[in-house]
Amino acid sequence: MLAKIQQWMDQYDMLAAGDFVIAAISGGADSVCLLSVLHKLASFGGWQVRALHMHHGIRGEEADRDEDFVRKLCKDMQIPLTVIHEDVPSYAKERRLSEEEAGRILRYEALEEAAVRWEEESKKPEGTVKIAVAHHQDDSAETILHHLLRGSGFRGLSGIPPVKGRRIRPLLCVRRDEILNYLIENGYAWCEDSTNTDSSYTRNRIRRELIPLMTEKVNPRAVENILHAGELIAQADEYLEQEAAWIFGMSGRVEGGRTGVTLDVFCGQKPIMRSYILRLMLDQTAPGQKDLTGKHYEALDRLAFGRPGGHLDLPGELIAGRDYRELWIGLSGEAEWKELPGEMADGEGVPAVWDPSEGSGEAGGLVFTTFSRQNEGKIPKNQYTKWFDYDRIKNTLSVRTRRSGDYITLAGGGRKSVSRYMIDEKIPRNERDQIQMLAEGSHVLWIIGFRISEYYKVTEETTHILQAGKTEDKTDVG
């Protein structure tokens, strides 16, 4: 069991010597197994472990029992523990969320805050403290089925990712029965949550009735096949997500707590791409919101094709609207949304765009010039004038600040997110959203003033060159 999990963690670079990790522990079998595995492997892996437990204010004495159990377990293992008390029912009611979703949001907020505090205490770089959660293979299959039945898109059908940001899932390579066998063989106790047997919860019916029925009556490898389908869907999801980011980069804006996209571009897309653009807009407006289903996406789509002035209330205190030029999504009670003028203008939150087929021009404070390799002079060394392989550029370029999903290509073909690059370069956090970039969709050609992508660099095979430079720094060609 330990060897299997260690191999899985190595495969996804979850933890390394010197790392810090916070384990989310409820007291249930899965989280007890997670804490035990991290604790045992720490002596070999060289990482430090802490734990966090949240009392949700829901199950009364049973929740108190879970907290006492977790405190004793962590004391026995000599693992530092943080306990958080929250009133989940009140939070859910205030924000019109399910208690399950409200609890999930509050748990991750507490884990993120604990990770940031640990980084500050230890003077670790941003994002280096990991958060371990106890999802396993049966959870991932259950999630796929649950999302399929409630009308979710590809994101839900791709299952639970092994790594997402600072979150890691070391147990995602094992089944639930393997976890129980491990606990029994090693003499560990755990707490049973009475809500796990409550058939009023859809997930419980899927876990306790649907999956066993599929395994016993349809195919013994049902869970394995569901997970394989999820992996294929995840690949398609990643591709469509990148395409949506490119389209939004050309036609969208984030301003004053709201996210908008021009209707002429949005309505000209295929239905599946419109759903991905909507998903990106929702992520920009309310990250982590999970109570939106297929019917909400359909309603947003209808709103976009409806009459100007239409509005739509959404879960999580979100509101959507349509004016003459834009579809927008924002938080209820935010300041009035400023409608766009007749033409898209350069400015904060709105990307300046340039079509490479024009050959030359200006946008966003940059001057663009193209020429053939035979007219080449010396590649400029100026910090604010760069050359690019013009033949590799296939789409419109934008001059803008960073967006979610942006990346640059490294030597050897690997990728690095712009966010990670800025962290590694120790660029102050308050300056990161002010730095201009030249981008083709989510692929960044140039973080202006810093570096360019290896993918677009001029090589011996380059036949046509694009020169881009600041308007106040017009470098001559040749």
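Values in this document were obtained by computation on a predicted structure and should not be read as measured data. (Residues numbered from 1 in each chain as written. Predicted model: local features only at pLDDT ≥ 70, side-chain atom pairs only at ≥ 80, totals over all residues. Heavy atoms only, no water.)

## Topic: the overall build of the protein chain
Move 1: A count of helical and extended segments in the protein chain gives 15 helices and 22 strands.
Move 2: Nonlocal contacts in the protein chain, meaning residues at least 24 apart in sequence, comprise 69% of its contacts between residues at least 6 apart.
Move 3: When the accessible surface of the protein chain is totalled, it reaches about 24000 Å², and 49% of it is carbon and sulfur. (Helix = DSSP H or I, 4+ residues; strand = E, 2+ residues; numbered from the N terminus. Contact = heavy atoms within 4.5 Å. Areas by Shrake-Rupley, 256 points an atom, 1.4 Å probe, with all protein chains shown as cover.)

## A short note on the sheet that holds strand β2 (residues 48-55)
Move 1: Pairing in this open sheet of six strands is mixed, and the strands run β3-β2-β1-β4-β6-β5 from one edge to the other. Two strands bound the open sheet, and with one partner strand each, they are β3 (81-85) and β5 (163-164).
Move 2: In terms of strand pairing, strand β1 (residues 20-24) meets β2 through five bridges, oriented parallel. Counterpart to Ala23 in the pairing with β2 is Ala51.
Move 3: Where helix α3 (residues 61-77) meets the sheet, its contacts fall on β2 and β3, and the angle it forms with β2 comes to roughly 165 degrees.
Move 4: Sheet strands in contact with helix α5 (residues 99-122) are β1, β2, β3, β4 (129-132) and β6 (167-168), and its direction is about 145 degrees off that of β2. (Pairing = 2+ DSSP bridges. Axes fitted to C-alpha atoms, helices over the stretch in contact; angles between N-to-C directions.)

## What to know about helix α6 (residues 137-149)
Move 1: Here α6 is 13 residues long and its end C-alpha atoms lie 19 Å apart, about the 18 Å a rise of 1.5 Å per residue gives.
Move 2: For α6, the tally of buried residues reaches 11 of 13 residues, placing the bulk of the element in the interior.
Move 3: Taken residue by residue, α6 has Gln137, Asp138, Asp139, Ser140, Ala141, Glu142, Thr143, Ile144, Leu145, His146 and His147 as its buried positions.
Move 4: Residues of α6 that are buried sit in contact with α2 (29-45), α7 (154-157), α8 (176-185), α9 (202-218) and α10 (222-251).
Move 5: Where α6 ends, the next residue or the one after it, Gly151, has phi of about 85 degrees, a positive value. (Expected span 1.5 Å × (residues − 1). Buried < 20%, exposed > 50% of the residue type's maximum accessible area, 1.4 Å probe, protein only.)

## Concerning the confidence of the model for the protein chain
Low pLDDT marks stretches whose predicted atomic positions should not be read closely.
Move 1: The predicted model of the protein chain averages 85 in pLDDT, with 90% of residues at 70 or higher.
Move 2: The low-confidence segment residues 335-350 (pLDDT under 50) makes 34 contacts with residues lying over four places distant or belonging to another chain.
Move 3: Overall, residues 474-478 carries pLDDT values under 50, and its contacts beyond four positions in sequence, including any with other chains, amount to 12 contacts. (pLDDT = per-residue confidence, 0-100.)

## Things to note about the environment of Thr370
Move 1: Its place among the elements puts Thr370 in strand β14 (residues 366-372).
Move 2: Between the alpha carbons of Thr370 and Leu466 there is a distance of 4.5 Å; along the sequence they are 96 residues apart.
Move 3: Excluding residues within four positions of it along the chain, Thr370 makes contact with Trp354, Gly359, Tyr390, Ile465 and Leu466.

## Overview of the packing of aromatic side chains
Move 1: Scanning the model with the defined rule gives six aromatic pairs in all.
Move 2: When the ring of Phe371 is compared with that of Trp387, the centres are 5.2 Å apart and the planes differ by 70 degrees; the resulting orientation is edge-to-face. Taken together, the residues Phe371 in strand β14 and Trp387 in strand β15 (residues 385-389) connect sequence positions 16 residues apart. The same class applies to Phe371 and to Trp387, which are both buried.
Move 3: Centre to centre, the rings of Phe388 and Trp446 are 6.2 Å apart; their planes meet at 50 degrees, and the pair counts as tilted. You can see Phe388 sitting in strand β15 and its partner Trp446 sitting in strand β20 (residues 443-447), a full 58 residues away along the chain. Trp446 carries the same exposure label as Phe388, and that label is buried. (Phe/Tyr/Trp six-rings, centres within 6.5 Å; stacked < 30°, edge-to-face > 60°.)

## What about the packing of α6 against α10?
Move 1: With their axes 9 Å apart at the nearest point, α6 and α10 run at an angle of 65 degrees to one another. By the criterion of interaxial angle, the relationship of α6 to α10 is roughly perpendicular. The hand of the α6/α10 crossing is left-handed. Counted together, Gln137, Ser140, Ala141, Ile144 and Leu145 of α6 and Val223, Ile226, Leu227 and Gly230 of α10 form the full contact between these two elements.
Move 2: Its residues assigned to classes, the contact of α6 with α10 comprises six nonpolar, three polar and no charged. (Parallel < 35°, antiparallel > 145°, perpendicular 65-115°, else oblique. Left-handed = near helix turned anticlockwise from the far one by under 90°. Nonpolar A, V, L, I, M, F, W, Y, C, P; charged D, E, K, R; others polar.)

## Digging into the pattern of salt bridges
Move 1: Taken as a whole and judged by the stated rule, the model has 24 salt bridges.
Move 2: Between Arg71 and Glu67 there is a salt bridge; the shortest N-O distance is 3.1 Å. Of this pair, Arg71 and Glu67 both sit in helix α3, separated by four residues, roughly a single helical turn.
Move 3: Residue classification places Arg71 among the partly exposed residues on the basis of a relative accessible area of 42%.
Move 4: The exposure class assigned to Glu67 is buried, which follows from its relative accessible area of 10%.
Move 5: The closest approach of N and O atoms between Glu454 and Arg451, which form a salt bridge, is 3.5 Å. (Salt bridge = Lys/Arg side-chain N within 4 Å of Asp/Glu carboxyl O.)

## As for the nonpolar core
Move 1: Counting 37 residues, the largest nonpolar core has Leu35, Leu38 and Trp47 as the members making the most contacts within it.
Move 2: Broken down by secondary-structure element, the contributors of at least two residues to this core are α1 (2-11), β1, α2, β2, α3 and α8.
Move 3: In this structure Trp47 touches Gln6, Met9, Leu15, Ala16, Gly18, Asp19, Val21, Leu38, Leu41 and Ala42, once residues within four positions along its chain are discounted.
Move 4: Leu263, Phe266, Tyr276 and Leu303 belong to the second largest nonpolar core, which has 25 residues in total. (Core = buried A, V, L, I, M, F, W, Y, C linked by side-chain atoms within 4.5 Å.)

## Details of the sheet that holds strand β13 (residues 360-363)
Move 1: Judged by pairing direction, the sheet is antiparallel, and its four strands sit side by side in the order β13-β14-β22-β15 without closing on themselves. In this open sheet, the two strands that pair with only one neighbour each are β13 and β15. Strand after strand, the sheet turns through a mean of 20 degrees between neighbouring axes, direction not considered.
Move 2: Note: β15 against strand β22 (residues 464-470), five bridges, orientation antiparallel. Paired with Asp389 across the two strands is Ile465, which belongs to β22.

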